[in-house]
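A look at the structure
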Amino acid sequence: MNQISGGVCAAQGYSAAGTHCGLKKEKPDLALIYSTVPAQAAATYTTNVVKAAPLHVTKRHLSDGGLQAVVVNSGNANACAPDGEENALAMCHYTAKALGIPTEQVAVSSTGVIGVSMTPKMGLVQMGITTLAGQLADTEQAADSAARAIMTTDLTKKEVAVALTLGGKPVRIGGMAKGSGMIHPNMGTMLGFLTTDAAISSPLLEKALQQAVTRTFNRISVDGDTSTNDFCLIMANGLAENPAITTENADYEVFLDTLTILCTHLARLIAADGEGATHLITCTVQHAPDEDIATAVAKSVISSALVKSAIFGQDANWGRILCAAGYSGADFDPETVTISFASEVGEIVVCKNGQGVDFDEDQAFQILAPFEVEIHIDMAQGTAASTCWGCDLTYEYVKINGEYRT
């Protein structure tokens, strides 16, 4: 990956800003991303039946595949709240008026506490949007301010940008995301905003996003909870002037591969920043009968509360891993499975052919000490593989979520 600076402002024609408007006590809570020209756009949405009002408004605005701006607030999810759609639409209207574009060209997204009305603070939101429109810039600092404004319990901002070449033209893709709790993917769980100056048709942009999300954001889990607000959006304004991608040609494959790499980077950042996490867990399943089975097993393992707790305690409790694989719903033969733990310290086999083997507990304890630990599962039943990411389950996670509203 040819990583560059600039986040969502790295691609041509994009500017951003972040500010504090008053939805949260002190921290930034309002962000804006703007394309100087109308862009092709696509999105993925939460599969939760309970969906926040901004998702309904944005889905309508994206019905023609076009967009020019997105406004995002943190501190209030605007989900299951009085006047939810009216307030979400008002945020689009305020943004459109400040930028001089049609309301239908604005997407809206929210994150924070569920069930609290935004109505009492909509005046603050309107003033904040006006402020943001005046602060828009295409700088690294502007992208940074937007990335920080969408954070809730996140401890770190999550942004990245990459450069590639399509049809002999330099192209850039940038992205920012937020996510720390209520992370269990069924579309691209969290909030994610991607920008590119590539010229690509709306149907292929949507297909590329869906494919990238399936192999990245859909393969992370922090706590097994799929949010009401989960949303991932991509805008492509075509200012790179590459030959437009209208078929699944070689340029499409390069674009898809690069987008997937970028999304993988953001997905790992989310898993690593799980609420209270002290370990990033990477689970790779190899030699599986097919990719779906490999993914189901890996995802089940990184989602298991017992596995996550064992990693927190640096306990090489491989039985919990085999058990989680067994209830994943995947059809496989457990008697051919080998399990090992690995990190920068080394690697140790703890299970072979579905049964325990003698291993050095002290060595295993040391291998599980670094922040990033790996679980390797060799099914010996095929050629497919898949990797999923999660984090450990700690006392701090319970504390954060036991006091989330208060």
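These notes cover the structure that comes with them. What you see is a predicted model, and the numbers here were worked out from it, not measured in a lab. (Residues numbered from 1 in each chain as written. Predicted model: local features only at pLDDT ≥ 70, side-chain atom pairs only at ≥ 80, totals over all residues. Heavy atoms only, no water.)

Observations concerning the overall build of the chain
- Helix and strand content of the chain: 11 helices and 16 strands.
- Here the chain has a C-alpha radius of gyration of 22 Å; the compact-globule value for 406 residues is 22 Å, and the two agree.
- Oriented by its inertia axes, the alpha-carbon framework of the chain measures out at about 70 × 55 × 35 Å.
- Looking at the chain as a whole, 56% of its 406 residues are labelled buried.
- Taking the contacts inside the chain whose residues are at least 6 apart along the sequence as the reference set, 80% of them involve residues at least 24 apart. (Helix = DSSP H or I, 4+ residues; strand = E, 2+ residues; numbered from the N terminus. Rg over C-alpha atoms; globule rule 2.2 N^0.38 Å. Buried < 20%, exposed > 50% of the residue type's maximum accessible area, 1.4 Å probe, protein only. Contact = heavy atoms within 4.5 Å.)

Some remarks on the environment of G65
- Tracing the sequence through the fold places G65 in the loop between helix 1 (53-61) and strand 4 (66-74).
- A C-alpha to C-alpha distance of 14 Å links G65 and G238, two positions 173 residues apart in sequence.
- Setting aside residues up to four positions removed in sequence, G65 forms contacts with A39, Q40, A41 and S202.

Here we look at unusual backbone geometry
- For D83, which is not glycine, the phi torsion reads 60° and is therefore positive.
- If you trace the backbone, D83 turns up in the loop between strand 4 and helix 2 (84-99).
- The phi dihedral of E241 is positive, around 60°, even though this residue is not glycine.
- If you trace the backbone, E241 turns up in the loop between strand 10 (231-236) and helix 6 (250-272).

Observations concerning the packing of aromatic side chains
- One pass over the full model with this rule turns up three aromatic pairs.
- Their ring planes at 85° and their centres at 5.2 Å tell us that F312 and Y395 sit as a pair that is edge-to-face. Of this pair, F312 sits in helix 8 (residues 305-312) while Y395 sits in helix 11 (residues 395-402), placing them 83 residues apart in sequence.
- Members of the aromatic cluster, joined through ring pairs, are Y45, F193 and F231.
- Above the plane of the ring of Y45 lies K59, whose end atom (NZ or CZ) is 5.2 Å from the centre. (Phe/Tyr/Trp six-rings, centres within 6.5 Å; stacked < 30°, edge-to-face > 60°. Lys NZ or Arg CZ within 6 Å of the ring centre and 35° of its normal.)

Geometric descriptors of this kind do not, in isolation, establish any biological role.
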